[in-house]
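# Residue-level structural notes
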Amino acid sequence: MKVLITGAKGMLGTDLCRELAADHQVTGIDIQDLDIIAGEAPGKIAGYEPELVLHCAAMTNVDGCEKDPDAAYAVNGLGTKNVALACHQLDIPMLYISTDFVFDGKKGEPYCEWDQPNPLGHYGRSKLDGEKSVRELLKKFYIVRTSWLYGKHGRNFISTILAKAQEAGTIKVVNDQVGSPTYARDLCRAIARLISSNKYGTYHLSNSGVCSWFDFAKKTVELSGIKAEVLPISSSDYPTPTKRPAYSVLRNFCWERTFGETLRPWEEGLNDYLKETEYIK
Ligand SMILES: NC(=O)c1ccc[n+]([C@@H]2O[C@H](COP(=O)([O-])OP(=O)(O)OC[C@H]3O[C@@H](n4cnc5c(N)ncnc54)[C@H](OP(=O)(O)O)[C@@H]3O)[C@@H](O)[C@H]2O)c1
C-alpha cells in the first residue's frame, strides 16, 4: 500500500516509517516538506497520491500549546482538518494519532473509547478538535489515542530522567499523576496490524499496566543501573502552565476485543527501549 506519514521526522513518525517500510511503500513528510496549516496543504497532500495517510504531525509541547493556543489549534486542529480534507478528496482512509489528554483524569478508572472527553488544556482541546474533523469529514478512519509515549528518536521523559539522575544523583518526580507509558515501537507494531485490518474506528492503544511518573522514573533508574535516589513529590510541588490529568489510563477495550491481544506490560517496553538506546546491554 502507498502510505504517506506526516510528522515523519518526529519521535513516532521516525519509528513508524521504519516499521512500515517492510510491507508498504512509505513516503514520510515533515514541516520542511509541507506545513500542514497552509491553505494549499490538502492539495499538496493529495498530490502524493497515497492510499492511506498516517497523521503524526502535531504541536506536542503541552505547555507551549497553553502559552500559544492559536498555534496549537492551527497545527492540531486546522492542520489535521487539512489532512482529513485530502483523504476525503482521494476517498482514502486516514489514521490520526490522538492522546490521553482529551480526558480530564477525574474518572478514577481506565478510560474506554466511548467515555466523554473533557480536556483540561489547549493541547488536549486542540487534539480533540482534530478528532472532530476526522470524524466529520471521513467515513474510513482510525483514531488512535495513546499515552505517555517514548521512543528513540526524540527527547522524552526517560532521557530527561536519566540525564538528571546522572548529573544530580537525586531526582524528584511527581507521584500523583497516573497513566500507562507506551513504547513507540510497540505502538508502531499495533498500528501496522490495525491498518491492514480495515477495522476502522477509535482505539485506545497503550502498553498495559499502570504507574505514576515517580514509579516510571524509579523503574527507569533501577533498570539503567545508575546510582541515584528518586523521591516522590506532588504536582503542587512542581507547577506547570498546563493542568495535567491526574489519572489518564486508557483501557484498550476495542483493540483487545477486536484483535484478541493486549499490548505487553510497560516495564517490558521500557527494558527494550533501554537496550535500543544502549543505556543497558
Ligand atoms: N509524545 C507523547 O507523549 C504523546 C502522547 C500521546 C499522543 N501523542 C501524539 O502522537 C503523535 C506523535 O507525537 P511525537 O511525540 O512523535 O511528536 P513529535 O516528536 O513532536 O513529532 C511531531 C512532528 O510534527 C512536526 N510538525 C509540527 N508542526 C507541523 C506543521 N505545521 N506541519 C508539518 N509538520 C509539523 C514536528 O516538526 P518540528 O519538530 O519541527 O515542530 C515534528 O517533526 C502526535 O500526534 C502527538 O499528539 C504524543
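Described in the following lines is the structure provided in the data block. (Residues numbered from 1 in each chain as written. Predicted model: local features only at pLDDT ≥ 70, side-chain atom pairs only at ≥ 80, totals over all residues. Heavy atoms only, no water.)

Here we take up the sheet that holds strand β1 (residues 2-6). The parallel open sheet is built from six strands, whose spatial order is β2-β1-β3-β4-β5-β10. Each edge of the open sheet is held by one strand with a lone partner, namely β2 (25-29) and β10 (201-204). Averaged over all neighbouring strand pairs, the angle between strand axes comes to 20°, with direction disregarded. Across the sheet, helix α1 (residues 11-21) is in contact with β1, β2, β3 (52-55) and β4 (94-99); its angle to β1 comes to roughly 165°. (Pairing = 2+ DSSP bridges. Helix = DSSP H or I, 4+ residues; strand = E, 2+ residues; numbered from the N terminus. Axes fitted to C-alpha atoms, helices over the stretch in contact; angles between N-to-C directions. Contact = heavy atoms within 4.5 Å.)

The α-helix advances 3.6 residues per turn, and as a result positions three or four apart in sequence lie on the same side. End to end, helix α5 (residues 122-137) covers 22 Å across 16 residues, agreeing with the expected 22 Å (1.5 Å per residue, within 8%). Looking only at α5, the buried set comprises H122, Y123, G124, S126, K127, G130, E131, S133 and V134. Buried residues belonging to α5 abut α3 (62-67), α4 (69-90), β4 and β5 (141-146). (Expected span 1.5 Å × (residues − 1). Buried < 20%, exposed > 50% of the residue type's maximum accessible area, 1.4 Å probe, protein only.)

Before going further, it helps to spend a moment on the packing of helix α6 (residues 157-168) against helix α8 (residues 213-224). Two elements in contact, α6 and α8, have axes whose closest approach is 10 Å; the angle formed by their N-to-C orientations is 65°. You can see that α6 and α8 cross each other, and the crossing is right-handed. In this structure, α6 uses F157, I158, I161, L162 and A165 to contact α8, whose residues at the interface are W213, F216, A217, T220, V221 and S224. For the contact of α6 with α8, the per-class residue count stands at nine nonpolar, two polar and no charged. (Left-handed = near helix turned anticlockwise from the far one by under 90°. Nonpolar A, V, L, I, M, F, W, Y, C, P; charged D, E, K, R; others polar.)

This paragraph deals with the nonpolar core. Judged by nonpolar contacts, the single largest core of 27 residues is most densely connected at I5, L16, L54 and L95. Of all the secondary-structure elements, those providing two or more residues to this core are β1, α1, β3, β4, β5, α7 (184-195) and α9 (253-259). At eight residues, α7 tops the list of elements feeding residues into this core. Those residues within four positions of L95 in sequence are excluded, and the remaining contacts are V53, L54, H55, Y142, V144, I191, L194 and I195. With 24 residues, the next largest nonpolar core counts Y150, I158, C211 and F214 among its residues. (Core = buried A, V, L, I, M, F, W, Y, C linked by side-chain atoms within 4.5 Å.)

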